[in-house]
Amino acid sequence: MVSGIETFETEVLIIGGGVTGTGVMRDLALRGIHCLLIDRRDLNAGASGGNHGLLHSGGRYAASDSETAAECRQEGDILRQVAPDCIDDCGGMFIAVEGDDPGFAERFPGYCEAAGIDCESLSPAQAREREPALSDKLFAAYAIPDATVDPFRLTLENVNHAQQLTDSLFLPHTAVESFEIANGVITGVLCRNTKTGGMRRILVRQVVNAAGAWSMDVARRAGCSDVSLLYSKGTLIISNTRITDRVINRLRPPGDGDILVPGGTVSLLGTTSDNVDDLEDIRPTVAEVERVLIEGTAMLPCLEGTRFIRAFSGVRPLLLPAQNTADGRSASRGFTLFDHRDQGLENFATVTGGKLTTFRLMAEKTGDLVARRLGNSRPCKTATEPLPSGNAVRWTEPGFAPRFWYRRNDPTDMILCECEMVPQSAIDSIIESAPGAESEMTLQAIGVRSRVGKGSCQGSFCSIRVTSHLYDRGVYDSARGLHSMRDFLSGRFKGVQPILWGEQMPQIELSEALHCSLMGLDRLDGKANDPEKEGSG
Amino acid sequence: MGQGERYYRTELAIIGSGLAGFAASVFALARGIASAQVGNTGAVAYTTGYLDLLGSCRGLWLDDPWQGLELLRESEPRHPLSRIGRTAIQAAFDQFSGALTEMGVGYTAPAERNHLALTPAGTVKPTLSVPQTMLPGIEARKAGVRTLIIDILGLQGFSAKEFVANIRSSWPQLSTAKLSFPDMESGGQVFPEVMARALEVSSHRERFAERIKAALGDARLVGMPAIMGIHHPDRVHAELQRLVGVPLFEIPTMPPAVPGIRLREMFEQGFPAKGLTLVPQQKVKRLVLEAGRATLYLQDSFGEVMIESKAAILASGRFLSGGLTAERGGVREALLDIPVTQPESRADWYRQDYFDPLGHPVNRSGVEVDSSFRPLGPDGEPVNHRLFAAGILLAHHDWVRQRCGAGVAIASAHKAVEAVADMLKEQ
């Protein structure tokens, strides 16, 4: 290669493929602006993919931060209107059990009223009639309008829509190396393709930093020292079945294991909050799983015998006011938009903090700033313009694939992932046209865009079937297909490892036999796979 | 004997219908010990069909497993294979592979060196004894013979292109073809077991052979997924080869796969004819050890079954077969709560990297045994002088990473049956 640098040109470069970055991308595209979105890994690789998918009623913040609580309520109402396909409006409950502070429980309706959140008082009997899994030690309960939202679907729809509107583009595994700055203006951003090692130069007019937990690092690379974040790691566990219909919150100040959120056919129990210094290699631990499980069991005794299929962790980027060194739970959950003018840059903005529920508002404020800077006077449309439903982006919804497959009734469209009933045609549509689709698409990338590997076998079987299918289709023609399968399984194992007991143990024993003994994936590297050259050791 | 209740009296009760249980039955039958075998089939249906003795030691592939056993004895003296002499291991393998051949599924006799056996992913693994239907492929790779690899329309998890893409560097002369199986041409999913049963019928063999011939090109050999019959694979193999006119071989597939089903059905049909009492697919609910006898209680669809014996071999496997259970607080032996050697806490069960070449500590958990392979109780003494243990339930091995599952099963079953014979003689 002579230069080895790919060059791209765009009006706005957005760094970070989470809900915020993709939200900004769609917001700007709706104003007619071309964007290029990059992520060092893939869509929702950070906190956007590592949360419980809760669409907050605001009840959780009613006591501590009524402004955030009210913001959550308003944004929740907007998303119910514009993105109904991404939302399960299941409702929620706050419950107090023996040992919790009765005073807090009594004050709760008042907090909700102040934030404008509907709050219905329930007797313990009424609460347990609605949710039979609740503890009989429950003494106070309120119904509030919580809901759940699929952050993968949101992200994929955002990108898909932006592509349609202005030919905007998403480039996965593209990490920022350095900014090219002249007279207070960023003119280009030099990036590395983390898959191939090649360089990418992106010529820009505006740059938005929406890198979530990584936004402090990105801002510093641009020479800005004004973004100061606290990293708060949260761990959740996923059950094999849906335990409650509604979101169940513990009626007490926030703590470990205080929420159970339904997610389609499963439930998610969370969450821990521990400050961490390092963003790399974030993984759930056995100790964290024990903490959420012990606390969660106080609300829902059946969790003691529940089968869990995976744990996962995300890092919340919490904004740290200059002198505040407090812990993660008392730091602000609000968001901030930095225009970086006082840092000497005219076309750089950072949006960080905030929550999944308020991502649209974050994108709107950012979009307003960037559009103004570009001299574009078109207003934000995301509060009223519904999210379209794209063909290649529907596969993250639990239960969609089986319904599709059943209706299609084509016996040649074989199911590749039996747990989640994902057919061959779903994989084909993803590798052809899903946002971020590319040649030699990895199993991990397919997993982000579908339910593949998310069921009780956690990819043990479907990874083998999907890989064979991809080889058959000619997507792979080298050992890289097996390497992709190995990387996918290694990634799944991070989440599987801390919940291995009970019924998951036969599963993992079979998996190891399959992946090592049958497929030889533990011996893929170098000479280990060529025993003849190795002698008898 | 009450209503609907069956009662058997025998010399030896074998608990478990995996490889270790079947091997124990083979060895007990050979010694003329009256035996009953019970318990879930467990993981047999998941085997590749290869009988590994020891494929890896200290992280290195082994060409010579016997030399590997010496290395293992030095580095892992508590490994079950380190506690059994080479002569006994060799005798056990010879006897077991011979019994399989005699009962209808031909296996190669164990040799001095490991074979490099083929996997569906196009990788290779060292193993000691292989089904005769798979041998030609192993030899063809060594010789670099021009070979056609076929896969079958609708068969999931097996792609000839995948096999070739991964094995090409050591076996360049390969071509691929996708064939449809006779009467299963719709493009819908097809299953290895169904095709294997179909190939036992001559008309299906003939039609399938025609399709293979049409795709042959200049290939001198043909490899295909393991579907060459359930009950008489060697006969189906020979017939197909005659029809196609070139040597053929099988490659294992993902489970549930034909090589394991063959073994299970062969044992289930062959053992009763040899005088073994077989109560397969049922889990033993209780084992009572008393002076003079060991009594097993189990339930099948016809009611309760009681088996009274003079000795029992526990070959109930690990988690997949239900021999071990894992609770949040620790690993337990399922039937008698025999102490299980295991890591300090659940946080230590697994390493961070799934594919860590060292394997995971929990895989080395298991039951401790004395020199006669009697499981040890909390006091370090045998639980009972009538109770023996065999197979991967034993502690201090990692059968997956070390490629020694069949080795541990066969050698420890041999050892346990020998100890049972000694005990019965003493009485």
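All of these numbers come straight from a predicted model, not from anything done at the bench.

### Some words on unusual backbone geometry
Inference 1: A cis amide bond links Gly270(A) with the next residue in sequence, Thr271(A), at an omega value of -5°.
Inference 2: The topology assignment puts Thr271(A) in the loop between β18 (266-270) and β19 (274-275).
Inference 3: Going from Pro255(B) to Pro256(B), the amide bond is cis rather than trans, its omega being -5°.
Inference 4: Tracing the sequence through the fold places Pro256(B) in the loop between β10 (248-251) and α9 (258-273).
Inference 5: Phi at Arg403(B) is positive, roughly 50°, even though this residue is not glycine.
Inference 6: When you line up the elements, Arg403(B) lands in the loop between α10 (399-402) and α11 (405-426).
Inference 7: When its relative accessible area of 1% is taken as the criterion, Arg403(B) is described as buried.

### Examining the domain arrangement of chain B
All names here are of chain B.
Inference 1: One can read the domain layout of chain B as domain 1 (6-106 + 261-426) and domain 2 (135-251).
Inference 2: Using only C-alpha atoms to locate each centre, domain 1 and domain 2 end up separated by 34 Å.
Inference 3: Contacts between the two partners involve seven residues from domain 1 and, on the opposite side, 10 residues from domain 2.
Inference 4: Both sides of the domain 1 and domain 2 interface together cover about 750 Å² of buried area, and 42% of this is carbon and sulfur.
Inference 5: Of all residues in domain 1, Ile261, Arg262 and Glu265 give up the largest surface area on contact with domain 2, accounting jointly for 64% of the area buried on that side.
Inference 6: Applying the counting rule to domain 1 against domain 2 returns two salt bridges.
Inference 7: Residues Glu265 and Arg197 are paired through a salt bridge, measuring 2.6 Å at the closest nitrogen-oxygen approach.
Inference 8: On inspection of domain 1 and its partner domain 2, the count reaches seven residue pairs in polar contact (both at pLDDT 80 or more).
Inference 9: Its residues assigned to classes, the side of domain 1 that touches domain 2 comprises two nonpolar, three polar and two charged.

### Observations regarding the interface of chain A and chain B
Inference 1: Taken together, the contacts link 60 residues of chain A with 64 residues of chain B.
Inference 2: A buried area of about 5400 Å², summed over both sides, lies between chain A and chain B, and 56% of it is on carbon and sulfur atoms.
Inference 3: Seen at the junction of chain A and chain B, the total is seven salt bridges.
Inference 4: Of the charged contacts, one joins Arg401(B) and Glu512(A) as a salt bridge, the two residues approaching to 3.0 Å between their closest N and O atoms.
Inference 5: The tally of links between chain A and chain B comes to 28 residue pairs in polar contact (both at pLDDT 80 or more).

### A few points about the packing of helix α3 (residues 86-103) of chain B against α11(B)
Residue and element names in this part refer to chain B.
Inference 1: Where α3 contacts α11, the two axes come as close as 9 Å, and the packing angle between them is 100°. Comparing the axis directions of α3 and α11 gives the class roughly perpendicular. On the side of α3, the interface is formed by Ala88, Ile89, Ala92, Phe93, Gln95 and Phe96, while α11 contributes Ala406, Gly407, Ile410, Ala411 and His414.
Inference 2: Split by residue class, the contact of α3 with α11 holds eight nonpolar, three polar and no charged.

### What about the domain arrangement of chain A?
The accessible area lost on association of the parts is a frequent measure of interface size.
Residue and element names in this part refer to chain A.
Inference 1: Entries for chain A in the domain assignment read domain 1 (5-47 + 152-228 + 332-373), domain 2 (88-148 + 230-319) and domain 3 (391-532).
Inference 2: Centre-to-centre separation of domain 1 and domain 2, based on C-alpha positions: 32 Å.
Inference 3: Of the residues lining the interface, 15 residues belong to domain 1; the matching set on domain 2 comes to nine residues.
Inference 4: Interface of domain 1 and domain 2: buried area, both sides summed, is about 1000 Å²; carbon and sulfur atoms make up 59% of it.
Inference 5: Across the domain 1-domain 2 interface, the total number found is one salt bridge.
Inference 6: Close ionic contact of Arg40 with Glu280 constitutes a salt bridge, the shortest N to O distance being 3.5 Å.

### Remarks on the nonpolar core
All names here are of chain B.
Inference 1: Among the nonpolar cores identified, the biggest contains 164 residues, and Phe96, Phe267 and Ile313 are the most heavily contacted of them.
Inference 2: Ranked by residue count, the leading element in this core is α11, at 13 residues.
Inference 3: Sequence-distant contacts of Phe96, defined by excluding residues within four places in its chain, comprise Leu19, Phe22, Ala23, Val26, Phe27, Leu51, Phe267 and Ile410.
Inference 4: Core analysis: the second largest hydrophobic core is formed by 49 residues, Val145, Leu148, Met228 and Leu240 among them.

### Observations concerning the sheet that holds strand β9 (residues 221-225) of chain B
All names here are of chain B.
Inference 1: An order of β8-β7-β9-β10 is seen for the four strands of this open sheet, with the pairing classed as parallel. Each end of this open sheet is capped by a strand with a single partner; those strands are β8 (174-179) and β10. Taking each pair of neighbouring strands and ignoring which way they run, the sheet shows an average axis angle of 25°.
Inference 2: Note: strand β7 (residues 147-152) against β9, three bridges, orientation parallel. The residue of β9 that forms the bridge with Thr147 is Leu221.

### Brief notes about the confidence of the model for chain A
All names here are of chain A.
Inference 1: Overall, the predicted model of chain A reaches an average pLDDT of 91, with 95% of residues at or above 70.
Inference 2: Low confidence marks residues 323-328, where pLDDT is under 50. Its contacts with residues over four positions away, or in another chain, come to 10 contacts.
Inference 3: Note that pLDDT drops below 50 for residues 527-537; the model gives that stretch 27 contacts with residues more than four away or on any other chain.

### Considerations on the pairing of strand β6 (residues 124-127) of chain B
All names here are of chain B.
Inference 1: Going residue by residue along β6, you find Val124 and Pro126 tucked away on one face and Lys125 and Thr127 tucked away on the opposite face as well.
Inference 2: As paired strands, strand β5 (residues 115-118) and β6 are joined by four bridges and run antiparallel to one another. Residue pairing for β6: His115 is matched across the bridge by Thr127.

### A closer look at the packing of aromatic side chains
Inference 1: Per the stated rule, a full pass over the model turns up 19 aromatic pairs over all chains.
Inference 2: A centroid spacing of 5.3 Å and a plane angle of 70° characterise the contact between Trp395(A) and Phe400(A), whose relative ring orientation is edge-to-face. Here the two residues Trp395(A) and Phe400(A) agree in accessibility, since each one is buried.
Inference 3: Lying across the ring of Trp61(B), Arg523(A) places its NZ or CZ 4.0 Å from the centre.
Inference 4: Above the plane of the ring of Tyr297(B) lies Arg286(B), whose end atom (NZ or CZ) is 4.2 Å from the centre.

### Some remarks on the packing of helix α1 (residues 19-30) of chain B against α11(B)
All names here are of chain B.
Inference 1: In the contact formed by α1 and α11, the axes pass within 8 Å of each other and the chain directions differ by 40°. It follows from the interaxial angle that α1 and α11 lie oblique. When the axes of α1 and α11 are compared, the crossing they make is right-handed. For the pair α1 and α11, contact is made by Leu19, Ala20, Ala23, Ala24, Phe27 and Ala28 and by Ala406, Ala409, Ile410, Ala413, His414 and Val417, respectively.
Inference 2: Classifying every residue of the contact of α1 with α11 gives 11 nonpolar, one polar and no charged.

Rules behind the numbers
Residues numbered from 1 in each chain as written. Chains lettered and ligands numbered in written order. Predicted model: local features only at pLDDT ≥ 70, side-chain atom pairs only at ≥ 80, totals over all residues. Heavy atoms only, no water. Helix = DSSP H or I, 4+ residues; strand = E, 2+ residues; numbered from the N terminus. Buried < 20%, exposed > 50% of the residue type's maximum accessible area, 1.4 Å probe, protein only. Domains from an automatic or database assignment. Contact = heavy atoms within 4.5 Å. Buried area = accessible area lost by both parts, 1.4 Å probe. Salt bridge = Lys/Arg side-chain N within 4 Å of Asp/Glu carboxyl O. Polar contact = N/O pair within 3.5 Å; in protein donor to acceptor, adjacent residues only side chain to side chain. Nonpolar A, V, L, I, M, F, W, Y, C, P; charged D, E, K, R; others polar. Axes fitted to C-alpha atoms, helices over the stretch in contact; angles between N-to-C directions. Parallel < 35°, antiparallel > 145°, perpendicular 65-115°, else oblique. Core = buried A, V, L, I, M, F, W, Y, C linked by side-chain atoms within 4.5 Å. Pairing = 2+ DSSP bridges. pLDDT = per-residue confidence, 0-100. Phe/Tyr/Trp six-rings, centres within 6.5 Å; stacked < 30°, edge-to-face > 60°. Lys NZ or Arg CZ within 6 Å of the ring centre and 35° of its normal. Left-handed = near helix turned anticlockwise from the far one by under 90°.

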